[in-house]
Amino acid sequence: MSLGLLGFKLGMSQVFVGDGTVEPVTILQLGPCPVLQIKTPKTDTAKGDGYPAVQLGFKDKPRKAATRPEQGHVAAGLKSKRKEARQKAGVALPPKADCEPQRHVREFRLDKGKGFVTKFDCTTGEAKVTVERIKTTGDAKQPFQAYAEDLTVKVGQVLSVADVFKDVLAVDVVSNSKGRGTTGVMKKWNFAGLPAAHGSKKNHRQPGSTSSLASNRGSGRPKKGRKLAGRYGAERVTIRNLSVVKVDGENNILLVRGGVPGHNGTLVMVSPTNKVGPGSPKAKTKKVELAGGKKK
């Protein structure tokens, strides 16, 4: 996963694009997200967190509803005996975001961002990253061109949609799907059901015979992977390579083409896609021959 933002799914709609066609879109409200912490990999001289990442928060939480550890994670002026003892011992304290406690806290790893974050250098309070972006050229042979941009992310900095999703063609969205509860095999696994004959007595939606469940195991245990009725949904789902239709930096709105798992108001994690190969943003940056219509 590369550098991204947190937000809410507001719902679905449709918009008209420049050529007059209608695009089905999902409206995502992303950010602003303050940077709470910079995770650093382990080195020979200093003990880090083991991996490079940027920790972001979303939506302020009332101080009376926040626990003391939640307040101390972001507050620079919170007094504590441990803090005073560390200061007297000469221990360098990590920088704080000095903001309100956050309702939602998530991390975006920088070493998993294939195709977006190409270089990174993380210290305790700052992360320097090199990101790849794609701009429109207007040339028929090469309509899209990739370029690199250096970004500096500091603890306490507030990231917005315009900062992260500038010149981004497609994104990956992570959210929790709707919980469906306990359901039968026809709804959960798309079984066809049993024949609806006149001699069948109220078993049209049954899973079928289970006589051979333990035929190859020598016991009464069913075979692994047997599809039966049960709960489904309410699990983490990632939808990749959704096209970006519009970026509204003033209202912190991102419009993506297609559907996003979850109900309206669910928390989403959005980052530039790391998809490679046909259909990916990187594939669009290759030159196209006008005569043959083939990509080089």
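Residues numbered from 1 in each chain as written. Predicted model: local features only at pLDDT ≥ 70, side-chain atom pairs only at ≥ 80, totals over all residues. Heavy atoms only, no water.

Caption draft 1: The overall build of the protein chain, seen in detail. Broken down by element type, the protein chain carries four helices and 15 strands. Relative to a compact globule of 296 residues, whose C-alpha radius of gyration would be 19 Å, the protein chain shows 25 Å and is clearly more extended. Taken along the three principal axes of its C-alpha coordinates, the protein chain extends 85 × 65 × 40 Å. Evaluated residue by residue, the protein chain yields a buried proportion of 32% over its 296 residues. (Helix = DSSP H or I, 4+ residues; strand = E, 2+ residues; numbered from the N terminus. Rg over C-alpha atoms; globule rule 2.2 N^0.38 Å. Buried < 20%, exposed > 50% of the residue type's maximum accessible area, 1.4 Å probe, protein only.)

Caption draft 2: Geometry of the sheet that holds strand 8 (residues 144-154). Pairing is antiparallel across the open sheet formed by three strands, whose spatial order is 6-7-8. Pairing within the sheet leaves two strands with one partner each, and these edge strands are strand 6 (117-122) and strand 8. Within the sheet, the average angular offset between the axes of one strand and its neighbour, ignoring direction, is 20°. Both strand 7 (residues 126-136) and strand 8 contribute to a ladder of eleven bridges, which runs antiparallel. Each residue of the ladder has a partner; that of Arg133, found in strand 8, is Tyr147. (Pairing = 2+ DSSP bridges. Axes fitted to C-alpha atoms, helices over the stretch in contact; angles between N-to-C directions.)

Caption draft 3: Structural detail: the nonpolar core. Ranked by size, the top nonpolar core spans 43 residues in total, and within it Leu5, Leu30, Phe165, Val171 and Val270 carry the most contacts. Not counting residues within four places of it along the chain, the set of residues in contact with Val171 comprises Phe165, Ile239, Arg240, Asn241, Leu242, Val244, Val256, Val270, Ser271, Pro272 and Thr273. (Core = buried A, V, L, I, M, F, W, Y, C linked by side-chain atoms within 4.5 Å. Contact = heavy atoms within 4.5 Å.)

Caption draft 4: Quick peek at the side chain of Gln55. As for its position among the elements, Gln55 is in strand 4 (residues 53-60). The contacts of Gln55, once residues within four sequence positions are left out, are Pro34, Val35, Leu36, Gln37, Lys39, His73, Val105, Arg106 and Glu107.

Caption draft 5: Representation of the sheet that holds strand 5 (residues 102-109). Sheet architecture is open: four strands sit in the order 5-4-3-9, paired in antiparallel fashion. Both outer strands of the open sheet, strand 5 and strand 9 (158-159), are each paired with one neighbouring strand and no more.

Caption draft 6: Spatial organisation of the layout of surface pockets. Volume-wise, the largest pocket comes out at about 870 Å³. Lining of the largest pocket is provided by 30 residues; of these, Arg86, Ala92, Leu93, Pro94 and Lys96 occupy positions nearest its centre. Elements with a minimum of two residues in the lining of the largest pocket: strand 3 (33-39), helix 1 (68-74) and helix 2 (81-88). The biggest single contributor to the lining of the largest pocket is helix 1, with four residues. A per-class count over the lining of the largest pocket returns 14 nonpolar, nine polar and seven charged. (1 Å grid on protein atoms, 1.4 Å probe; cavity = no way out; pocket = protein on both sides within 12 Å on 5 of 7 lines; lining within 4 Å. Points joined across faces, edges and corners; volume = space filled by probe spheres on them. Nonpolar A, V, L, I, M, F, W, Y, C, P; charged D, E, K, R; others polar.)

Caption draft 7: Up close: the packing of aromatic side chains. On inspection of all chains with the given rule, the structure shows one aromatic pair. One Lys or Arg, Lys135, reaches over the ring of Tyr147 and ends 5.5 Å from the middle of that ring. (Phe/Tyr/Trp six-rings, centres within 6.5 Å; stacked < 30°, edge-to-face > 60°. Lys NZ or Arg CZ within 6 Å of the ring centre and 35° of its normal.)

Caption draft 8: Up close: the environment of Ile239. Looking at where Ile239 falls in the secondary structure, it is placed in strand 13 (residues 236-248). Counting along the chain gives 22 residues from Ile239 to Pro261, while the straight-line C-alpha distance between them is 7.9 Å.

Caption draft 9: Up close: the pairing of strand 7. Pairing of strand 6 with strand 7 involves five bridges; the strand directions are antiparallel. Within the sheet, the bridge partner assigned to Phe120 lies in strand 7 and is Val129. Between strand 6 and strand 7, which follow one another and run antiparallel, lie three residues.

Caption draft 10: Local environment of the confidence of the model for the protein chain. Taken as a whole, the protein chain shows an average pLDDT of 87; of its residues, 91% reach a score of 70 or greater. Of all helices and strands in the protein chain, the one with the weakest mean pLDDT is strand 6 (86), whereas strand 14 (residues 253-257) scores best (96). (pLDDT = per-residue confidence, 0-100.)

Caption draft 11: Quick peek at the environment of Leu267. On the secondary structure map, Leu267 appears in strand 15 (residues 267-272). Take Leu267: its relative accessible area is 18%, and that puts it in the buried class. The contacts of Leu267, once residues within four sequence positions are left out, are Leu6, Gly7, Phe8, Phe58, His104, Arg106, Val174 and Ser175.

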